[in-house]
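Letter by letter, the chains look like this.
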Amino acid sequence: MTPNQSETSRRGWLSPFVYLSNNWISLAGVVIVTTTVVFWLFLLPTTLNGEAASPYIGILVFLGLPAPFFTGLVMVPLGIWLKRKREGRKGIYPPGFPPLNWHNAELRKLVYFVTATTMVNLAIASQFAYGAVNYMDSVTFCGQTCHTVMQPEFTAYQNSPHSRVECVKCHIGPGAGWFVKSKLSGVGQVFAVTFHTYPEPIPTPVTNLRPARETCEQCHWPQKYGEDRLKVISKYADDETNSLTKTVLLMRIGGGNDGIGIHGTHLGPGVVIRYGHSDEARQTIPWVEYEVNGKKTVYATPDAKPDGAGLTERTMDCMDCHNRPAHSYDLPDGAVDKSMHDGLISASLPFAKKKAVEILKVNYLSRDDAAEKIPAAFAKYYQESYPALWAQRQSEVVSSAKEVLAVYDRNIFPDMKVTWGAYPMNLGHTDFPGCFRCHDGSHAPKIGDPITQDCGACHNMLAMDESNPKVLTDLGIVESKTDRK
């Protein structure tokens, strides 16, 4: 075959394709696909690990580009098909083209060409899809994409013991079923964010979380015995010297096969606890059924109806006590104690504890308003009340003032109506009812003793608000900044 014949043959099989592609729908599709691929190539280095450094780049790459890319792909064959159908109906389709059937070698070449290019596009599309799934499962997407809505939860998560655990490990867990369920649930959340129909503050999702035994117990399990643990709680007073006292507890964690301690009593072998709650947040629990190896005892408050009628029943698991394991917030008093114990707010500044708590309890209009007023108010107090100290230790006062603002920023979010105490913590019983939801002395069976309220059931009180607990000296323990409440 001569070069001219080869060129004629090539034109022969390309002619129908070129001719039919010459329509505005297909040409627009080609432009859209080409533009999308160029954008994708430029952004490819930022997405090779499946996660973008910026949530907004992630939205563009994984959620913005795929839509026009696939739309353009569909437009190319759609335009060809519509033009072929329209010209065939009008009888103006060129008669010089070979018949379009599988016996036509040129047509087969065209099919092979389309197949090859489709495979290339599928490779690009699969990268889009894989990257999109990974991105939507990333901490960046969960915590920062919907910045205002998720800011409180993301901030608390970053300061939690689970800050290195991906959100999906707990909120979805293993298995395809819950993955699909979470994505379907996410569609409703997208609409809620788009149309601003979400509640403020966002309620703790106690009703639709996956059972803790399928998520928490991938890493933790109550059947493993936990040694007794020493807990030191530092407390600073509101006096001029910020007097420091310490409470020392020996926590009876328990667990294992002996059914002892906190974990063993509540989740040990053969133990099943069911309870009835009257509110969605599960803070009011009038009825409890405690089962050990098949033997059941019902405890109820005096005003509870028989058999827990009218209450929502639930089987107890980890989340009933550890209800905010990665998204916990402090109250102002305890938050300042932590910062002072860590040396971030100077305990040598007179009345630092009292003044910091007073400033934090003020109702600020916004975080910007707080950023302007909190450090200024703290510094102003020492400028006016202790001018000599201010002159000598100005940098110490300023750094402490910044930490007071940081305490606020970790716990208060006016845009989402997250204020002090917005989210009850069930672990313990000092700031919220917690343990006393059941261990309040009023839950009793028809015959027998009520649910114990004995402090020694969960911990031994080794020291209570002592300035220098002897037990710590006897044990040779020098408390570090990490041994905090």
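Here the structure is a predicted model, which means the values were calculated and not measured.

Draft legend 1. Quick look at the overall build of the chain. A count of helices and strands for the chain gives 17 helices and seven strands. Within the chain, counting contacts between residues at least 6 apart in sequence, those at least 24 apart form 67% of the total.

Draft legend 2. Just helix H14 (residues 367–385), in detail. If you check H14, its first and last C-alpha atoms are 27 Å apart, about what 19 residues at 1.5 Å a residue would give, namely 27 Å. Of the positions making up H14, those classed as buried are Asp369, Ala370, Ile374, Pro375, Phe378, Ala379, Tyr381 and Tyr382. Against helix H13 (352–360), helix H15 (387–392) and helix H16 (394–411) lie the buried residues of H14.

Draft legend 3. Representation of the sheet that holds strand E2 (residues 244–251) in the model. Overall, antiparallel pairing links the three strands, which are arranged E1-E2-E7 in an open sheet. Pairing within the sheet leaves two strands with one partner each, and these edge strands are strand E1 (229–236) and strand E7 (459–466). Averaged over neighbouring strand pairs, the angle between their axes works out to 10° when direction is ignored. Alignment of E1 against E2, held across eight bridges, turns out to be antiparallel. By the bridge assignment for E2, arginine 229 is matched with methionine 251.

Draft legend 4. Examining the environment of valine 232 more closely. On the secondary structure map, valine 232 appears in strand E1. Take valine 232: its relative accessible area is 9%, and that puts it in the buried class. For the pair formed by valine 232 and proline 469, sequence separation is 237 residues and the distance between their alpha carbons is 10.0 Å.

Draft legend 5. Layout of a nonpolar patch on the surface. Together, Leu230, Leu462, Leu475 and Ile477 make up a nonpolar patch on the protein surface, roughly 300 Å² of accessible area in all. Checked against the element boundaries, leucine 462 lands in strand E7.

Draft legend 6. Here's a closer look at the nonpolar core. Grouped together as the largest cluster of nonpolar side chains are 27 residues, with contacts concentrated most on Ile374, Phe378, Tyr382 and Val397. If you list the elements that add at least two residues to this core, you get helix H12 (332–341), H13, H14, H15 and H16.

Draft legend 7. Main features of the sheet that holds strand E3 (residues 271–277). Pairing is antiparallel across the open sheet formed by four strands, whose spatial order is E5-E4-E3-E6. In the strand order of this sheet, the two ends are held by strand E5 (295–300) and strand E6 (312–315), each with one partner. With direction set aside, neighbouring strand axes in the sheet form an average angle of 15°.

Draft legend 8. Highlighting helix H4 (residues 66–90). Taking 1.5 Å per residue, 25 residues should reach 36 Å; H4 reaches 36 Å between its end C-alpha atoms and fits that length. For H4, the set of buried residues is Pro66, Phe69, Gly72, Met75, Gly79, Ile80, Lys83 and Glu87.

Draft legend 9. Summary view of the pattern of salt bridges. Per the stated rule, a full pass over the model turns up 21 salt bridges. A salt bridge links arginine 210 to glutamate 214, with the nearest nitrogen and oxygen atoms 2.7 Å apart. Of the charged contacts in the structure, one is a salt bridge between arginine 314 and aspartate 320, with a shortest N-O distance of 3.0 Å. Of the two residues, arginine 314 and aspartate 320, both sit in the buried class. Salt bridges sharing common partners tie together Lys235, Asp333, Asp337 and Lys353.

Draft legend 10. Spotlight on the packing of H12 against H13. As a packed pair, H12 and H13 sit with axes 9 Å apart at the nearest point and diverge in direction by 135°. Here H12 is positioned oblique relative to H13, judged by the angle of their axes. Between H12 and H13 lies a crossing of right-handed hand. Where H12 approaches H13, its residues Pro332, Asp333, Val336, Asp337 and Met340 are matched on the opposing element by Ala352, Lys353, Ala356, Val357 and Leu360. Its residues placed into classes, the contact of H12 with H13 shows seven nonpolar, no polar and three charged.

Draft legend 11. Representation of the environment of valine 165 within the structure. Its location among the elements puts valine 165 in the loop between helix H7 (147–158) and helix H8 (167–171). Take valine 165: its relative accessible area is 30%, and that puts it in the partly exposed class. A sequence separation of 161 residues divides valine 165 from alanine 326, and the C-alpha atoms of the two residues are 9.3 Å apart. In this structure, valine 165 is in contact with Tyr157 and Cys170, ignoring residues within four places of it in sequence.

Draft legend 12. Structural detail: unusual backbone geometry. Put simply, glutamate 200 and proline 201 share a cis peptide bond, and its omega is -5°. Take proline 201: it is sitting in the loop between helix H9 (176–194) and helix H10 (212–215). Look at histidine 196: it is not a glycine, yet its phi comes out positive at around 55°. Summarising the element assignment, histidine 196 is placed in the loop between H9 and H10. Of note, phenylalanine 351 is a non-glycine position whose phi angle comes to about 55°, a positive value.

Draft legend 13. Focus on the side chain of asparagine 426. Within the secondary structure, asparagine 426 is located in the loop between H16 and E7. Of the polar contacts made by the side chain of asparagine 426, one reaches the side chain of glutamine 283; its length is 3.0 Å. Leaving out residues up to four positions away in the same chain, asparagine 426 has contacts with Gln283, Asp320, Cys321, Asn323, Gly434, Cys435 and Arg437.

Draft legend 14. Main features of a positive patch on the surface. There is a patch of like positive charges on the surface, built from Lys85, Arg86, Arg89 and Lys90. One can find lysine 85 in helix H4. Overall, the relative accessible area of 45% leaves lysine 85 in the partly exposed class.

Draft legend 15. Focus on the environment of valine 74. One can find valine 74 in helix H4. Separated by 48 residues in sequence, valine 74 and serine 26 have C-alpha atoms that sit 8.7 Å apart.

Draft legend 16. Representation of the packing of H14 against H16. Taken N-terminus to C-terminus, the directions of H14 and H16 make an angle of 145°; their axes are 9 Å apart at the nearest point. Along this stretch, H14 crosses H16, giving a crossing that reads as right-handed. Residues Arg367, Ala370, Ala371, Ile374, Pro375, Phe378, Ala379 and Tyr382 of H14 form the contact with H16, whose participating residues are Val397, Ser400, Ala401, Val404, Leu405, Tyr408 and Asp409. For the contact of H14 with H16, the residue count by class is twelve nonpolar, one polar and two charged.

Cut-offs and rules
Residues numbered from 1 in each chain as written. Predicted model: local features only at pLDDT ≥ 70, side-chain atom pairs only at ≥ 80, totals over all residues. Heavy atoms only, no water. Helix = DSSP H or I, 4+ residues; strand = E, 2+ residues; numbered from the N terminus. Contact = heavy atoms within 4.5 Å. Expected span 1.5 Å × (residues − 1). Buried < 20%, exposed > 50% of the residue type's maximum accessible area, 1.4 Å probe, protein only. Pairing = 2+ DSSP bridges. Axes fitted to C-alpha atoms, helices over the stretch in contact; angles between N-to-C directions. Patch = residues over 30% accessible without salt bridge, like charges linked within 9 Å, V, L, I, M, F, W, Y side chains within 5 Å. Areas by Shrake-Rupley, 256 points an atom, 1.4 Å probe, with all protein chains shown as cover. Salt bridge = Lys/Arg side-chain N within 4 Å of Asp/Glu carboxyl O. Core = buried A, V, L, I, M, F, W, Y, C linked by side-chain atoms within 4.5 Å. Parallel < 35°, antiparallel > 145°, perpendicular 65-115°, else oblique. Left-handed = near helix turned anticlockwise from the far one by under 90°. Nonpolar A, V, L, I, M, F, W, Y, C, P; charged D, E, K, R; others polar. Polar contact = N/O pair within 3.5 Å; in protein donor to acceptor, adjacent residues only side chain to side chain. Lys, Arg positive; Asp, Glu negative; His and termini not counted. Charge placed at Lys NZ, Arg CZ, Asp CG, Glu CD.

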